[in-house]
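Okay, here's what each chain looks like letter by letter:
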Amino acid sequence: MNSRNLPLKFIVIGASIAGLTSAYLLRQSGHDVEVVEKRHRGEKVNDGHIRVPPNMTRLLQTIPGTEELLKKASWVSGVSFVSGETMKLLGEMVFIEEVMSDLGSEFYYIEHADLIAHLYNLCRDARVRFHHGFNVKEVLVDFNDPPTVVSDTGTRLTGDIVVGADGKRGLTRQIVAVDETDSEDEFEDDSRSNSTHEPRDVVMLAFHFLPSESIQRVTTSFSAVMTIPVSELEKDPELAPLVKDDRFVIWAGNGSCLSGGRAGSLFGVVYHDARGPITPEEPDTEWDESVSTSTLESRIKQYHPRLQKLVRIASACRRTATHLIPLTRFTDHTNSLVVIGDAAHVVISSCTHNGSIATEDAFTLGRLFSRVTSRDQVPLLLSGYNQIRRKRSEALEDAEFRGTDIVAVPPGPHRDARDAFFAQTLHMDAADDETLYSIWSSYLEAFSYDAIDAVDEWWLTWGKPIQDAGVVTNGIH
C-alpha cells in the first residue's frame with residue numbers, strides 16, 4: 001500500500017543521511033516533501049567517512065543506484081583489535097563468508113560525500129523540493145495549527161509533519177527533550193546510562209533552559225574525526241600498509257581508543273574517549289568546521305609513535321562532544337514533529353552504527369507512512385515509530401558505549417581478561433561453539449536487524465489490530 005490516496009506534506013530539517021533518505025522514501029510513497037538545509041547549495045563541507053554495516057547495506061540495496069555507489073566504497077573483510085601502545089595484534093573478527101552470506105550483505109566503509117551526493121540525486125530525481133541557505137530559527141508546533149518552520153530571514157514553511165534531521169544540537173531535539181519533562185515515564189530505566197559523572201548545571205546549549213535537577217541520565221563521550229588522502233599515506237613506508245589492509249582496525253588505549261580504515265580514496269581515523277565530558281579547552285565543532293590535530297597532542301601521547309604520526313598527518317579534525325540525555329520518545333506531544341538520526345539518538349560520533357541507525361530511522365518512517373490513508377492514523381503511526389525505534393536505539397546506544405569501554409579499559413585485571421578473550425579469536429579453527437557464539441552473538445544481533453521487517457511485524461501485531469478496534473493513541477507507546 002502507498003499513500004497516494006492521502007498525500008501529506010513533510011518538512012524535513014537537515015540534508016543529512018537521515019534527512020535525505022527519509023525525504024526520498026516519503027516522496028516515493030506519494031507525499032509532498034520539502035527539505036530545508038542551512039548550507040548553501042554546492043557549499044563544500046569537510047570530507048568524512050561512514051561505516052556501512054550489513055543492516056545498512058541491505059536497506060540501501062533496496063533503492064536505485066546502490067550497486068554503483070558501493071563500487072566507490074571499500075569492502076571490509078573484518079576487524080583487527082590492536083594494542084595502541086605496542087601495536088601487538090590482540091584479536092580479530094573475520095567476517096567469514098558463511099556468516100555474511102546468511103546476513104545477505106557485506107560491510108563497507110564509504111566517503112560521506114559520495115553517500116550524500118547519491119541520496120541528494122535520488123531526492124532530486126524524485127522531485128523533492130530543497131531550500132538551501134535556510135537557517136531554522138523556530139519550529140512552531142501546536143494542537144490548533146499545522147506545524148511551521150521559520151527561518152532567520154522570516155521565511156515560513158507549513159506542513160503536516162516536521163521531520164527533525166538536524167543533529168544532536170539541533171532545534172528539534174530541544175523541543176522533544178523539553179516535551180519529555182512532562183512525560184510520565186521520563187528517565188525510566190536508569191540502567192541505560194553508562195556514565196557515573198554528575199551532570200553539569202549546563203549540558204550543552206540545547207539544554208541550557210532545563211533545571212539541573214531534572215537531568216538524571218547523561219551519556220558522555222569525546223570524539224575526533226580525521227580523514228587523510230590515501231595518496232598521502234602511500235608515501236610513508238610505515239603507514240602505507242594501512243591502506244592496503246581491507247580490515248577495519250581498532251587500536252586499544254588507556255581510557256580511549258583509535259580506529260581507522262580505508263574509505264574509497266580516503267583513510268578515516270577516529271579518536272574516542274568515553275571518560276567524561278569535553279573540557280572548555282576543547283570546544284565542540286560544527287560538521288563543516290575543523291581544528292588542528294595538534295589540539296589532540298595531550299590525548300594521543302600514550303599511543304605508539306606510528307599512530308601519533310598518523311594523527312599528525314591528518315592535520316585537521318572535527319571534534320564532537322556527546323553529553324546528552326537519551327530520549328525516551330522521538331515525537332512531540334502534538335504528533336506533528338518527529339526526530340530521526342543524530343537528532344534522536346546518542347550513538348557515539350562516527351562509530352559503527354551512526355549511519356545505520358539514521359538509515360533505519362528513515363526506512364522505518366517511510367514504511368510506516370506508506371500505509372497512511374487517513375489523518376486519524378498519524379498518531380498511531382508515530383506511536384509505532386516510537387515503539388519500534390526506541391527499543392532498537394537503546395540496544396545500539398548501549399552496544400556502542402559498551403564496545404568503547406571494552407577497547408579502552410585501563411591496565412589491570414579487566415584488561416588482562418579482555419586480552420585473554422581477544423586471544424581466542426586468533427585461533428578460531430579450534431574454537432568451540434560456546435566461544436564462537438560469545439564472539440559473534442552481539443554482531444549478529446545488530447547486523448541481522450531489518451528495519452522494513454520490523455515495521456511490517458509491528459503493523460500486523462499492533463498497528464492493524466489497534467486501528468481495526470478504533471483505539472485512539474496519542475503517539476506515545
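In what follows, the structure referred to is the one given above.
Residues numbered from 1 in each chain as written. Predicted model: local features only at pLDDT ≥ 70, side-chain atom pairs only at ≥ 80, totals over all residues. Heavy atoms only, no water.

## Some remarks on the pattern of salt bridges
Oppositely charged side chains can form a pair if their charged atoms are brought close together.
Item 1. Counted according to the given criterion, the structure contains 22 salt bridges.
Item 2. The partner of Glu238 in a salt bridge is Lys309, with the nearest N and O atoms 2.6 Å apart. Here Glu238, found in the loop between α7 (230-233) and α8 (240-244), pairs with Lys309, found in helix α10 (residues 305-314); they are 71 residues apart in sequence, far enough to count as distant.
Item 3. Under the relative-accessibility criterion, Lys309 is labelled partly exposed at 26%.
Item 4. Between Lys464 and Asp468 there is a salt bridge, with the nearest N and O atoms lying 2.9 Å from each other. Here Lys464 pairs with Asp468, and both are found in helix α15 (residues 451-469), just four residues apart, close to one helical turn. (Salt bridge = Lys/Arg side-chain N within 4 Å of Asp/Glu carboxyl O. Helix = DSSP H or I, 4+ residues; strand = E, 2+ residues; numbered from the N terminus. Buried < 20%, exposed > 50% of the residue type's maximum accessible area, 1.4 Å probe, protein only.)

## Structural notes on the nonpolar core
Item 1. By size, the foremost hydrophobic cluster in this structure holds 76 residues, and its most contacted members are Leu8, Phe10, Leu20, Ile63 and Phe369.
Item 2. Discounting residues that sit within four places of it in the chain, Leu20 has contacts with Gly14, Ala15, Ile116, Leu119, Tyr120, Cys123 and Phe130. (Core = buried A, V, L, I, M, F, W, Y, C linked by side-chain atoms within 4.5 Å. Contact = heavy atoms within 4.5 Å.)

## A closer look at the environment of Thr153
Item 1. In this structure, Thr153 sits in the loop between β10 (148-151) and β11 (156-158).
Item 2. Separated by 2.9 Å, the side chains of Thr153 and Ser151 make a polar contact. (Polar contact = N/O pair within 3.5 Å; in protein donor to acceptor, adjacent residues only side chain to side chain.)

## Overview of the sheet that holds strand β4 (residues 74-76)
Item 1. As summarised here, the arrangement of the three strands in space is β3-β7-β4, forming an open sheet in which the pairing is antiparallel. Here the strands that pair on one side only, and so sit at the sheet edges, are β3 (49-52) and β4. Going across the sheet, the axis of each strand differs from the next one's by a mean of 25°, ignoring polarity.
Item 2. Note that β3 and strand β7 (residues 107-111) share four bridges and pair antiparallel. Each residue of the ladder has a partner; that of Ile50, found in β7, is Ile110.
Item 3. Lying over the sheet, helix α5 (residues 112-125) contacts β3 and β7, oriented at roughly 85° with respect to β7. (Pairing = 2+ DSSP bridges. Axes fitted to C-alpha atoms, helices over the stretch in contact; angles between N-to-C directions.)

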